[in-house]
Amino acid sequence: MSDTLKRLSGLGVSIWLDDISRERLRTGNLERLIKEKSVVGVTSNPTIFAKALSKGDAYDDQVRDLAVRGVDVEEAARAITTFDIRWAADVLRPVYDRSEGVDGRVSIEVDPRLARETEKTIAEARALWWMVDRPNLFIKIPATKQGLPAITAALAEGISVNVTLIFSLERYGEVIDAYFAGLEKARENGHDISKIESVASFFVSRVDTEIDKRLDKIGSDGAKALRSKSGLANARLAYALFEERFGTDRWARLRDAGARPQRPLWASTGVKDPNLPPTLYVDGLVAEGVVNTMPEATLDAEAEKGDPTGDTVTTEYDSARKVMQGLKDVGVDYDDVVKVLEDEGVEKFEVSWKELLDSIAGELKDKAGAGA
């Protein structure tokens, strides 16, 4: 086992893999990552599935069967993606049992085209929860304005939720409120709230990408000095908000009833700028009780080059606030940044979902045409 990743885990960071594929599952690669690289969870998204389906022959047999049955492309997409999620959930079930339900989790996202439609998102969350039928599942729901009531509604029905595409501190506060409200309603509905888990996926590297672009355009010395600092600063202040909200009387009442905190999850932790250290968003975001979901390249980089030495979040609150104030001083509009990032995030997943559907449609046609 990687000593670096083991040390990172020992500092309170749950290491999740931001990837899934049928090939990874059937070759036993996921089991190896659990044993050798301290991986205790898996996240997926439409982009990951689109990429997985485009490579190799791992999906051929299932697609052939779907073509024989004459299913439409939407049903085929759900059959293919939920198959992988069930398989991964079963592989991670020992981790789930060992951690008493905290880790060993696998996430699947609602159809991203529904991100602005509350009722359809709720219905999709129910359908996916039923189709996968594993206790260690997370349903991913985007943290759009329309997604917030869907998050509460899903939790109220006992569905564990991974809230995704969080960029702003204000929206993160609303996500925490939605979590509290969902648990309160779940308790009223008679659910055992100790069985309901949630993470809040706060995106990191995309913040730097967008803000650095604006800093470069401003071009002043003050702007240049702030490059590649905003992603970490934003995430660190999110953890400060987490500590604040989960220190309230409202949370204490839920905790006393058996509820578990909604853990911050650092997403988008692969660096986009090749000039930055590949471990920047891992070693720079070490804190007790967080999740870091990494692409495999970032996981490997952390194993080989990482140096997690202790808490790098709560010790940096003052410097994080100075960075955010500095951005304001040089003219970066934070509210506009996070709006652009949310809109782009939803759009990118919509595009990937369409690519996935188009790819499946082509495969179904080919298999049917071949006399499957």
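I will try to describe carefully the structure that is included in this document. Quick caveat, the model's predicted, so the values are computed rather than measured. Chains are numbered independently. Their residues run from 1 in the order of the written sequence. Local features in this predicted model are restricted to residues whose pLDDT is 70 or higher, and side-chain atom pairs enter the listing and the counts only when it is 80 or higher, whereas totals over whole chains, interfaces and linings include all residues. By convention in this description, side-chain values take in all heavy atoms of the structure and omit both hydrogens and water.

### Focus: the overall build of the protein chain
Alright, step 1. The number of helices and strands found in the protein chain is 17 helices and eight strands.
Alright, step 2. Our radius of gyration looks at C-alpha atoms and nothing else; its globule reference is 2.2 Å times the residue count to the power 0.38. For 372 residues, the compact-globule estimate of 2.2 N^0.38 gives 21 Å, and the C-alpha radius of gyration of the protein chain, at 20 Å, lies within 12% of that figure.
Alright, step 3. Each principal axis of the C-alpha atoms in the protein chain carries an extent, and together these give about 65 × 50 × 45 Å.
Alright, step 4. Only protein chains enter the calculation, and the probe is 1.4 Å; a residue is then buried if its accessible area is under 20% of its type maximum, exposed if over 50%, and partly exposed in between. Per-residue burial for the protein chain yields a buried fraction of 57% across its 372 residues.
Alright, step 5. When checking whether two residues touch, look at their non-hydrogen atoms; a contact exists if any pair is within 4.5 Å. Here the contacts in the protein chain between residues at least 6 apart in sequence split such that 79% fall between residues at least 24 apart. Secondary structure counts use DSSP, requiring at least four H or I residues in a row for a helix and at least two E residues in a row for a strand, with both numbered from the N terminus.

### Regarding helix 9 (residues 169–188)
Alright, step 1. Expected helix span is computed as 1.5 Å times (number of residues minus one). Helix length check: helix 9 (20 residues) gives 29 Å between terminal C-alpha atoms against 28 Å at 1.5 Å per residue, within 8%.
Alright, step 2. Within helix 9 the residues assigned to the buried category are R171, Y172, G173, V175, I176, A178, Y179, F180, A181, G182, L183 and A186.
Alright, step 3. Phi turns positive, to about 90°, at G190, one or two residues after helix 9.

### Focus on the environment of V313
Alright, step 1. Summarising the element assignment, V313 is placed in the loop between helix 15 (296–305) and helix 16 (317–330).
Alright, step 2. V313 gets classed as buried once you look at its relative accessible area, which sits at 0%.
Alright, step 3. When the C-alpha atoms of V313 and V106 are compared, they prove to be 26 Å apart, with 207 residues separating the residues in sequence.
Alright, step 4. Excluding residues that lie within four positions of it along the chain, V313 makes contacts with R236, Y239, G284, L285, V286 and A287.

### A look at the sheet that holds strand 4 (residues 137–142)
Alright, step 1. In space, the eight strands of this closed barrel follow the order 1-2-3-4-5-6-7-8, with parallel pairing throughout. Neighbouring strand axes in the sheet, compared pairwise and without regard to direction, differ in orientation by 30° on average.
Alright, step 2. Axis lines are fitted to C-alpha atoms, over the contacting stretch for helices. Their N-to-C directions set the angle, which ranges from 0 to 180 degrees. Packing of helix 1 (residues 3–10) onto the sheet brings it into contact with strand 1 (13–17) and strand 8 (290–294), and relative to strand 1 it is tilted by some 125°. In this analysis, strands are considered paired if DSSP registers two or more bridges between them.

### Things to note about the nonpolar core
Alright, step 1. By size, the foremost hydrophobic cluster in this structure holds 123 residues, and its most contacted members are I139, I141 and Y172.
Alright, step 2. At 10 residues, helix 17 (residues 334–369) tops the list of elements feeding residues into this core.
Alright, step 3. Non-local contacts of I141, meaning those with residues more than four positions away in its chain, are made with V110, T121, A125, G147, A150, I151, A154, V161, N162, V163 and T164. In plain words, nonpolar cores are sets of buried Ala, Val, Leu, Ile, Met, Phe, Trp, Tyr and Cys residues tied together by side-chain atoms within 4.5 Å.

### Comments concerning the pattern of salt bridges
Two side chains carrying opposite charge are able to pair once their charged atoms lie near each other.
Alright, step 1. By definition here, a salt bridge exists when the distance from a side-chain nitrogen of Lys or Arg to a carboxyl oxygen of Asp or Glu is within 4 Å. Following the criterion strictly, the structure yields 37 salt bridges and no others.
Alright, step 2. Of the charged contacts, one joins D307 and R7 as a salt bridge, the two residues approaching to 3.2 Å between their closest N and O atoms. In this pair, D307 is assigned in the loop between helix 15 and helix 16 and R7 in helix 1, connecting sequence segments 300 residues apart.
Alright, step 3. By relative accessible area, which is 48% here, D307 ends up partly exposed.
Alright, step 4. Its relative accessible area of 36% is what places R7 among the partly exposed residues.
Alright, step 5. Residue K145 is joined to E174 by a salt bridge in which the shortest nitrogen-to-oxygen separation is 2.8 Å. Here E174 lies in helix 9 and K145 lies in the loop between strand 4 and helix 8 (147–156), a separation of 29 residues in the sequence.
Alright, step 6. A relative accessible area of 21% places E174 in the partly exposed class.
Alright, step 7. Look at the salt bridges and you will find they share partners, linking R116, K145, R171, E174, K339, E342 and D343 into a network.

### Description of the packing of aromatic side chains
Alright, step 1. Stacked, tilted and edge-to-face are the three classes assigned to paired rings of Phe, Tyr and Trp, where Trp is represented by its six-membered ring and a pair needs centres within 6.5 Å; plane angles under 30 degrees give stacked, over 60 edge-to-face, the rest tilted. In total, this model carries 12 aromatic pairs according to the counting rule given.
Alright, step 2. Pairing F83 with W87 gives two aromatic rings, centres 6.0 Å apart and planes at 85°, and the pair type is edge-to-face. Here F83 and its partner W87 are both found in helix 6 (residues 73–98), four residues apart, which amounts to about one turn of the helix.
Alright, step 3. Judged by relative accessible area, W87 falls into the partly exposed class, the value being 29%.
Alright, step 4. Aromatic pair F180 and F246: ring centres 5.2 Å apart, planes at 75°, arrangement edge-to-face. Of the two residues, F180 sits in helix 9 while F246 sits in the loop between helix 12 (230–245) and helix 13 (249–256), which places them 66 residues apart along the sequence.

### Digging into the environment of D221
Alright, step 1. Structurally, D221 is set in helix 11 (residues 221–224).
Alright, step 2. As for D221 and G310, which are separated by 89 residues in sequence, their C-alpha atoms are 32 Å apart.

### Structural notes on helix 13
Alright, step 1. By the burial criterion, the buried members of helix 13 are W251, A252 and L254. Along the axis of helix 13, the buried residues cluster in a sector spanning 165°; they form a single face. Facing away from the buried side of helix 13 by over 90 degrees, the exposed positions are D249, R253 and D256.
Alright, step 2. Its buried side turned inward, helix 13 meets helix 9 and helix 12. This arc describes the spread of directions from the helix axis toward the C-beta atoms.

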